[in-house]
Amino acid sequence: MRPFTYERATSAEAAARAAALTPGARFIAGGTNLIDLMKLEIETPAHLIDVSRLPMAAIEPTAVGGLRIGAAASNSAVAADATVRARYPVLSEAIVAGGSPQLRNKASVAGNLLQRTRCPYFYDTTKPCNKRRPGAGCAALEGLNRNAAIFGASRACIATHTSDMAVALVALDARVEALSPSGQPRSFPVSELHYLPGDTPHLETELIPGELITAVVLPPPPAGGQTYRKVRDRASYAGGLASVAVAGGQVALGMVAHKPWRASAAEGALAAGASPAEAIARELEGASPLGRNDFKVPLVARLTAAAIDDANGRG
Amino acid sequence: MTSVHDWDVTNPVKTNRTGLIGKAVERYEGPLKVTGTAPYAYEVQPPSPPAYGVMVGAAIAAGRITGADIAAAEASPGVLAVWTHLNVPKQAPRGTKAHPRSSAGSRPALEDERVAYFGQPVAFVIADTLENAVAASHLVKLTYDADAPDVDFLARLDEAGQPPGEQDVEIGDFAAGFAAAAVQVDGTWTTPIQNHCQMEPCASLVWFEGDKCIAHTSVQMVKPAQHGLAETIGIPRDNVHLMTRYIGGGFGGKGQTYDDLTLAALGAKALGRPVKVAFTRQQMMHGTVHRPATVQRVRLGASRDGTLDAMSMMTWTHCHKGGNFTEHASNFCRALYAAPNRLTGHRLVRLDLPAAGAMRAPGEASGTMSLECAMDELAEKLGLDPLELRIRNEPAVDPENGRPFSMRQLVRCLKEGAQLFGWDRRLPTPGQVRDGRWLVGMGMAAAIRGNFLLPAKCSFTVEPDGTIVVRQGMTDIGTGTYTVLAQIAAETLAVPLGQVRVEIGDSELPPAPGSGGQFGAATAGSAALMAGMKLRTAIAELATGDPGSPLHAGAPDEVTFQDGVIAISNRSETLSDLIRRAAPDGLTVEGEVRPAQDAQQWSTQTYGSHFVEVGVDPVTGEVRVRRMLGVFAAGRILNAATARSQLTGGMIWGAASALTEANPVDVRYGSFLNQDLAQYLVPVQADIGEVDAIMLDEVDDKANPMGIKGVGELGNSGAGAAVANAVYNACGVRVRDYPITPDKLLAGLIAQGR
């Protein structure tokens, strides 16, 4: 870990301003991912701006019947929120499928969205990784990549985004609210927060330098049942091999791409009357597995069909 | 000539008058551990502020270091020293012993420019704080001339040779017996590399007091650690005082010391101040030994009635190019089942991977994963209950050497386990039971693990206040050594448990071999019993010979001990009154145990049975353990709580071996894929469901004077196979390539049309 300086932000505006002014600055809230990465010097911030105590943890209804979740709300608080559990159960189920109770108590909503990949080659700094050092190459591409992406990957990066919460948010058509260093607020869909890797896998999100996520906003839930299913090697505290969030006719997949993957082709097929199995098969026509992760194609097919059935049963 | 018959005499452990032996006494050091006040090596308070050492691991698996730029690290804040092979203080050449009877030779750190495995410590930074040392360690720049690493085990099976000094063991004519058998099973199983993942990484704190090196470290065996350090840094053995008082897990991985100890000692010497060094979690994976992968071919040939006619287990495994460690996965089957025609053996491949070494139940843990599944397959082919198949092949004597069993209750373990578990509710046809989305199945397996007694000493002191102090160069790696030694002392001297103090983990105490091979309790405990018996005699003689004692002039062998009071009929006094008056400095004796010379006339093993119920999600291939029950026969149990904890811990490890634990090798780099506990998957609470271990009443009078045997490794033997058999019973898919992860099981489910 490299020496760094630290400040506790006094307001969201001040935090965003400070982040833009200080070279190498990073926000820190729960730190559950950032500090691990700092210990390995994968992240080497010169300055940390602590946003964990800003008044951004409220969970409150919106005028249009949705829910606004403050960026600093803990994962545990969101998962346990009565409104979330009643109206957005897919979100609650997704959150408790991630990490461990200790991590969820500490981790924030924005931090969960911005967690970095769990690709083992990203973590082993003796191996080439285009995320850590652009142009270095990708050790995972020809490596032990059983858990690599099957959608939207590139030769430069086959890593997945491993948030569970984000998959549910994408299925729910949630939006991110962010504040720029110049004090400009903006809002955009969570599905547009993360980039596909392309040739620049080190560029991971839509956020500009210093821009601070202040909230996630859920529209009213879609009609129909909701469910979240995650497949993993271990029953708890394990990254998924694949996951699926279903909210009515809206479907998103996790751990299959560099971002939470909205299954638009499957949704279109469902809307047109296809069976769940037919619908997910349509989505998987676009999958490009690499060999060791071939199993993810039938896994996603079976998991998604079962989850849609399950959600329909709950609707 | 010492004989097991010398142990026939009665003793307080056997008579267990106060009922302390076997009782679920709480852990002696439990309060210290749960309150965080037990000082593990890294947390011991040194006499002056310590400096902090951090190791840097090699980024290649084979080759040479061609350059070391340490200038930036040296200039980094707080840095006190930066070493590579170019400037590390002088150490004795590897393996040398200045003292011919040292139990370990020199193990120099940063030895030379050669890199023998990925992650090998190749540089070392010492700074005033841990943070400064870590920061500087990242500034050490090494350049390498890398060789292509020779690490692809499965690709090199053809090069496998006999382990040194070993031969295949054939009895009868295996080939003919197998060929003629009415029913055959011929399968190949693979088990992966596993890491120990002890909660406490290897760590050391060393300082010097004059010429004397005071070393606190985390190691299972005290004497080799002390001797090895002395040999490495070139000082007399008696000048190393090595302590390992509390150990956060060993599992075989701390059967030796590592460079943390050597470098802390060299640093302390060079800087003249205490130095502490710990492995990081990531460094533990490569920097310490691992359980090597195996390929096991099992062939079973049986008659229609289930009688085994032929049995063969051949194991291929690997070790480091500089080593000879062999995972003897085939050995256990030699004592397990009767079969007239038998062939067993091992083949070893040497690779540029880190050193392979012992891990909990070395041999059995891997080997049962194949044989006990092959038995399940054979039972199915025969249309027999797998339990019945095992009972039909129960030998009357050790089938390999004809020796009588000292005690063998395997069949009772099988039968009682079946009854307690509800085995009769198992449906032999797979895939018939559903619970919600889960397919449910049951599996079972037998367990066996050897029992050992090694030479050990122990001293007992009775202090003037009546406290009995047990002193022994033994270790407690979380297994309960402190507690069972206290129980043995309390029962032997008939004092309350609170009147016993146990001091272990110290090279200046009477030597014991430490913890490993599930020999710890039997070995250390027997020496303690011997010391206790000698102290009883010494106390009796002291009292009867002391004119001031009410027992004066009585017969020493008529002295009775109870509740801290000694008596001859109605004449009595407290131990403390006697010692205060007659031996004001305390009374100390030393006891000793050695293996009986005729012990080899018996086949002495521990046994058990495992019963497991799993759920398989037929959609995803996920497996979750619902219930595990083990029934074990392992001699007299000293402490029901710590023994049960050992057994269930082993069972859970077995479940992990079947389902999650593995460290794949990236053959391009010669490194393991999983380098932390988020990636290397040991079970969490949610993985296991119910787990219980039952211990049968047993006394094995051929094992040692107390009739106890080991339980530390037995639980791990067979548990994984029972899980795999339950998976098959649940869904009809057999996966022979461990662990049984969802991707592998899914392929089988799809092939079945599920």
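Residues numbered from 1 in each chain as written. Chains lettered and ligands numbered in written order. Predicted model: local features only at pLDDT ≥ 70, side-chain atom pairs only at ≥ 80, totals over all residues. Heavy atoms only, no water.

> Which parts of the structure should I look at to understand the pairing of strand 7 (residues 185-189) of chain A?
For a regular strand, the rule is simple: side chains alternate between the two faces of the sheet. Note: strand 6 (residues 175-179) of chain A against strand 7 of chain A, five bridges, orientation antiparallel. Looking at strand 7 of chain A, one finds that Val176(A) is bridged to Phe188(A). (Pairing = 2+ DSSP bridges. Helix = DSSP H or I, 4+ residues; strand = E, 2+ residues; numbered from the N terminus.)

> Help me understand the environment of Ala662(B), please; the structure alone is not making it clear to me.
All names here are of chain B. Mapped onto the fold, Ala662 is located in the loop between helix 15 (640-659) and strand 29 (665-666). Residues Ala662 and Asn195 lie 467 residues apart in sequence; the distance between their C-alpha atoms is 7.8 Å. Apart from the residues lying within four places of it in its own chain, the contact partners of Ala662 are Pro192, Ile193, Asn674, Tyr680 and Pro739. (Contact = heavy atoms within 4.5 Å.)

> I keep staring at unusual backbone geometry and nothing clicks. Help me out?
Keep in mind that most residues, glycine aside, have a negative phi and that most peptide bonds are trans. All names here are of chain B. Of note, the amide linkage connecting Tyr738 to Pro739 takes the cis form, showing an omega dihedral of -5 degrees. The topology assignment puts Pro739 in the loop between helix 16 (719-731) and helix 17 (742-751). A positive phi angle, near 50 degrees, is found at Asn16, a position not held by glycine. Among the structural elements, Asn16 can be located in the loop between helix 1 (12-15) and helix 2 (30-34). The exposure class of Asn16 is partly exposed, given its relative accessible area of 21%. Positive phi, close to 60 degrees, is recorded for Phe251, a residue that is not glycine. Mapping Phe251 onto the fold places it in the loop between strand 12 (240-243) and helix 7 (259-271). (Buried < 20%, exposed > 50% of the residue type's maximum accessible area, 1.4 Å probe, protein only.)

> I tried to follow the domain arrangement of chain B on my own but got confused; where do I start?
When the parts of a complex come together, some accessible area is lost, and that lost area is often used as the size of the interface. Residue and element names in this part refer to chain B. Entries for chain B in the domain assignment read domain 1 (4-38 + 454-594), domain 2 (41-362) and domain 3 (383-452 + 600-751). In this complex, domain 1 contributes 22 residues to the contact, which on the side of domain 2 involves 19 residues. Between domain 1 and domain 2, the buried area comes to about 1500 Å², and carbon and sulfur atoms account for 51% of it. Ranking the residues of domain 1 by area buried against domain 2 places Ile477, Ser507 and Glu508 at the top, with a combined share of 34%. For the pair domain 1 and domain 2, the interface holds two salt bridges. Put simply, Lys212 and Glu508 hold a salt bridge, and the shortest N to O gap is 2.6 Å. Counting across the domain 1 and domain 2 interface gives nine residue pairs in polar contact (both at pLDDT 80 or more). In terms of residue class, the side of domain 1 that touches domain 2 is built from nine nonpolar, eight polar and five charged. (Domains from an automatic or database assignment. Buried area = accessible area lost by both parts, 1.4 Å probe. Salt bridge = Lys/Arg side-chain N within 4 Å of Asp/Glu carboxyl O. Polar contact = N/O pair within 3.5 Å; in protein donor to acceptor, adjacent residues only side chain to side chain. Nonpolar A, V, L, I, M, F, W, Y, C, P; charged D, E, K, R; others polar.)

> I would appreciate a short explanation of the interface of chain A and chain B in the present structure.
Contacts between the two partners involve 35 residues from chain A and, on the opposite side, 41 residues from chain B. Around 2900 Å² of area is buried between chain A and chain B when both sides are counted, 59% of it from carbon and sulfur atoms. In terms of surface lost to chain B, no three residues of chain A exceed Leu144(A), Arg234(A) and Arg302(A), which account for 23% of the buried area on that side. Where chain A meets chain B, there are two salt bridges.

> I'm lost on the pattern of salt bridges in this one. Help?
Between side chains of opposite charge, pairing is possible as soon as their charged atoms come close. All chains considered together, the criterion is met by 60 salt bridges over all chains. The salt bridge partner of Glu503(B) is Arg471(B), with a shortest N-O separation of 2.9 Å. Linking Glu503(B) in strand 22 (residues 500-504) with Arg471(B) in strand 21 (residues 468-472), this pair joins segments that are 32 residues apart in sequence. What you see here is one network of salt bridges that share partners, running through Arg26(A), Glu43(A), Arg116(A), Lys131(A) and Glu204(A).

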